[in-house]
Amino acid sequence: MWTVIESPIGDLRLVERDGAITAIEFSPFHDDAVGGRPRGARQDDHPLLVEAVRQLTAYFARDLKEFDLPLAPGGSTFQQQVWGRLREIGYGETASYGEIAHRIGRTNAASRAVGLANGSNPIPIVIPCHRVIGANGTLTGYAGGIERKQTLLSLEQDALF
């Protein structure tokens, strides 16, 4: 099942499968299957999707700092480790790829692999891959585009002050 929400960073498609959020997609949407699985039908009144819309709306209104949704991102064991660490980066905070590598017990040499896992995150915003920056503090690639990453980081910074 899926639904679409309007947001400050463009329309987002929220995908649910078996009682968990499996994807948040940036527009423009592609009609291929998520992780090789079909999305199913649009169902705007599905209880989990309604709750996800509520939480994302509150996040964009700066009224929610931590999401509480069942998540089931599909990925390798390494990707799952990286995505788990991303969820530990607090609202309004950032971490470098190297810092994430160290948090999963790897060296800086794993920074590139962390970056690839970060870019493969199927549930952006809720799994906050936008909070990962370059070692020198610069904004680096983002699957949704640097402009969206900057908007998300600015939204969080503005909410803290």
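Nothing here was measured: the structure is a model prediction, and the numbers come from that model.

Right, let's get into the sheet that holds strand β1 (residues 2-5). Taken together, the three strands give an open sheet; going across it, the order is β1-β2-β3, and neighbouring strands pair in antiparallel fashion. The open sheet has two free edges, formed respectively by β1 and β3 (20-26), since each of these has just one partner strand. Pairs of neighbouring strands in the sheet enclose a mean axial angle of 25°, with direction left out of account. Taken together, the six bridges between strand β2 (residues 12-17) and β3 define a ladder with antiparallel strand orientation. From the neighbouring strand, E16 faces β3, where its bridge partner is I21. Relative to the sheet, helix α1 (residues 47-60) contacts β1, β2 and β3, its axis offset from that of β2 by approximately 145°.

Here the focus is the packing of aromatic side chains. Geometry of an aromatic ring pair is reported as the spacing of the ring centres plus the angle between the planes. Tallied over the full model, the rule gives three aromatic pairs. Seen in terms of ring centroids, Y59 and F67 are 5.4 Å apart; in terms of plane orientation they differ by 40°. Their pairing is tilted. Residue Y59 is classed as buried on the basis of its relative accessible area, which comes to 0%. Residue class for F67 comes out buried when judged on its relative accessible area of 13%. The ring of W2 has R13 lying over it, and the distance from NZ or CZ to the ring centre is 5.3 Å. Across the ring face of Y91, the terminal group of K65 is positioned such that the distance to the ring centre comes to 5.0 Å.

Okay, the environment of G115 next. By secondary structure assignment, the location of G115 is in helix α4 (residues 111-119). In the structure, G115 is positioned 18 residues away from I133 in sequence and 9.6 Å away in space, judged by C-alpha atoms.

So, on to the nonpolar core. Grouped together as the largest cluster of nonpolar side chains are 40 residues, with contacts concentrated most on L12, L56, Y59, F60, V82, L86 and I125. Put simply, the parts of the chain that give this core at least two residues each are β2, β3, α1, α2 (77-86), α3 (97-103), α4 and α5 (146-160). The greatest single-element share of this core, amounting to seven residues, is contributed by α1. Ignoring any residue separated from it by four or fewer positions in sequence, one finds L56 in contact with I5, L14, I24, F67, I125 and V126.

According to UniProt, the positions carrying the feature "active site" (unreviewed entry) are C129. Locating C129 in the fold gives a position in the loop between α4 and β5 (132-133). For C129, the contacting residues outside a window of four places in its chain are L86, N118, N121, P124 and Y142.

Each value, and the rule that gives it
Residues numbered from 1 in each chain as written. Predicted model: local features only at pLDDT ≥ 70, side-chain atom pairs only at ≥ 80, totals over all residues. Heavy atoms only, no water. Pairing = 2+ DSSP bridges. Helix = DSSP H or I, 4+ residues; strand = E, 2+ residues; numbered from the N terminus. Axes fitted to C-alpha atoms, helices over the stretch in contact; angles between N-to-C directions. Contact = heavy atoms within 4.5 Å. Phe/Tyr/Trp six-rings, centres within 6.5 Å; stacked < 30°, edge-to-face > 60°. Buried < 20%, exposed > 50% of the residue type's maximum accessible area, 1.4 Å probe, protein only. Lys NZ or Arg CZ within 6 Å of the ring centre and 35° of its normal. Core = buried A, V, L, I, M, F, W, Y, C linked by side-chain atoms within 4.5 Å. UniProt positions renumbered as here; feature names shortened; annotations may be inferred.

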